[in-house]
Amino acid sequence: METAVQSCRTAGPGAPAGVRALLYGRLAWAYAAAGNVSETERALNTAEAVLGEAGGVPEPDWATWDGNGLQIMTARCWTELRRPLRAIPVLEDVLARYDDTHARDKSLYLSWLADSYLAAGEIEQAATTADRVLELSAGVASVRPRRRIAPVLQGLSAHRTVPAVAEALDRAGG
């Protein structure tokens, strides 16, 4: 976490808005991983405020972070903090605009949605979304979506009698 804090300080107010927003988003994630709700929210709010600033400084290519990126990070943070009622609407909104041609990224984002549905007790929604993750990630050259969805599938296994759960677990091979 200290690295994320120092990165924000080092960049300072003169850095391009996209760079600062990206750094504050990463800081929010570090706070969320540590379970710190108030600091997570503060970092997310700062990232949002920074993105709203008019940019006079050119953005580096690696920092093309927009509102969608911030929405994804926001939802990931709320999922990590087990606040599904905050995460679900954000993820549903951004995923409605996300094309399937970005299968790896979309399947990752769907994995956070499935996780949030499970945390909210929405078993069928979690299973349907997990099944979509498995379907979408089947052809991608990345193991990350499959690893991200594994704990959700494990959590769903207690509900195997629910048809949507059985279907997702069957697709997963379990």
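Since the model is a prediction, treat every value here as computed from it, not as a measurement.

Any chance you could explain the overall build of the chain here in plain terms?
For the chain, the count of helices and strands is nine helices and zero strands. Secondary structure elements of the chain occur, N-terminal to C-terminal, as α-α-α-α-α-α-α-α-α. When burial is assessed residue by residue, the chain has 47% of its 174 residues classed as buried. In the chain, of all internal contacts separated by at least 6 residues, the share reaching a separation of at least 24 is 58%. About 8,900 Å² of surface is accessible on the chain, with carbon and sulfur atoms providing 50% of the total.

Explanation requested: the nonpolar core in the structure shown.
Within soluble globular proteins, side chains that are nonpolar generally end up buried alongside one another. If you look at the biggest cluster of nonpolar residues, it comprises 34 residues, and the most contacted ones within it are Leu95, Ile149, Leu153 and Leu156. For this core, the elements supplying multiple residues, two or more each, are α4 (67–80), α5 (84–96), α6 (103–119), α7 (123–137), α8 (144–156) and α9 (163–172). With nine residues, the top contributor of residues to this core is α6. Among all residues touching Leu95, those that are not within four sequence positions of it are Lys106, Tyr109, Leu110 and Leu113. Of all hydrophobic cores here, the second largest spans 17 residues; its members include Leu44, Leu70, Cys77 and Trp78.

Can you walk me through the environment of Arg20 in this structure?
Tracing the sequence through the fold places Arg20 in helix α2 (residues 17–33). For Arg20, a relative accessible area of 10% puts it in the buried group. Counting along the chain gives 144 residues from Arg20 to Ala164, while the straight-line C-alpha distance between them is 42 Å. Once residues lying within four places of it in the same chain are set aside, the contact partners of Arg20 are Ala11, Gly12, Pro13, Ala15, Val50 and Glu53.

Is there a simple way to think about the pattern of salt bridges in this case?
Think of it this way: side chains of opposite charge can pair up when their charged atoms draw near. The full count for this structure, using the stated rule, is 11 salt bridges. Residues Asp170 and Arg160 are paired through a salt bridge, measuring 3.6 Å at the closest nitrogen-oxygen approach. With Asp170 in helix α9 and Arg160 in the loop between α8 and α9, this residue pair connects regions lying 10 residues apart in the sequence. Using a relative accessible area of 54% as the deciding quantity, one classes Asp170 as exposed. The network of salt bridges with shared partners includes Asp100, Lys106, Arg132 and Glu135.

How do you make sense of the packing of aromatic side chains when you look at a structure like this?
Two numbers describe a pair of aromatic rings. These are the distance of the centres and the angle of the planes. Inspection of the entire model under this criterion finds one aromatic pair. Positioned above the aromatic ring of Trp29, the side-chain terminus of Arg76 is 4.3 Å from the ring centre. Across from the ring centre of Trp78, 4.3 Å away, lies the NZ or CZ of Arg86, which sits over that ring.

Explain unusual backbone geometry here, please?
Across residues other than glycine, the phi torsion is negative in most instances, and most of the peptide bonds are trans. Even without glycine at this site, Arg82 takes up a positive phi of about 60°. For Arg82, the position within the fold is in the loop between α4 and α5.

It is not clear to me how the packing of α7 against α9 should be interpreted in this structure. Could you clarify?
Interhelical geometry of α7 versus α9 gives an angle of 25° and a closest axis separation of 8 Å. Between α7 and α9, the interaxial angle falls into the category roughly parallel. The two elements α7 and α9 meet at a crossing, and its hand is left-handed. Two secondary-structure elements touch here, α7 through Ile123, Glu124, Ala127, Thr128, Asp131, Leu134 and Glu135 and α9 through Ala164, Val165, Glu167, Ala168, Arg171 and Ala172. In terms of residue class, the contact of α7 with α9 is made up of seven nonpolar, one polar and five charged.

Even after reading the chapter, I still don't get the environment of Tyr109, so can you show me in this structure?
Take Tyr109: it is sitting in helix α6. Tyr109 sits 22 residues away from Asp131 along the chain, and the two C-alpha atoms are 13 Å apart. With near-sequence residues (within four places) excluded, Tyr109 lies in contact with Ile72, Leu91, Leu95 and Tyr98.

So, how was this worked out
Residues numbered from 1 in each chain as written. Predicted model: local features only at pLDDT ≥ 70, side-chain atom pairs only at ≥ 80, totals over all residues. Heavy atoms only, no water. Helix = DSSP H or I, 4+ residues; strand = E, 2+ residues; numbered from the N terminus. Buried < 20%, exposed > 50% of the residue type's maximum accessible area, 1.4 Å probe, protein only. Contact = heavy atoms within 4.5 Å. Areas by Shrake-Rupley, 256 points an atom, 1.4 Å probe, with all protein chains shown as cover. Core = buried A, V, L, I, M, F, W, Y, C linked by side-chain atoms within 4.5 Å. Salt bridge = Lys/Arg side-chain N within 4 Å of Asp/Glu carboxyl O. Phe/Tyr/Trp six-rings, centres within 6.5 Å; stacked < 30°, edge-to-face > 60°. Lys NZ or Arg CZ within 6 Å of the ring centre and 35° of its normal. Axes fitted to C-alpha atoms, helices over the stretch in contact; angles between N-to-C directions. Parallel < 35°, antiparallel > 145°, perpendicular 65-115°, else oblique. Left-handed = near helix turned anticlockwise from the far one by under 90°. Nonpolar A, V, L, I, M, F, W, Y, C, P; charged D, E, K, R; others polar.

Any functional reading would require information that these geometric values do not contain.
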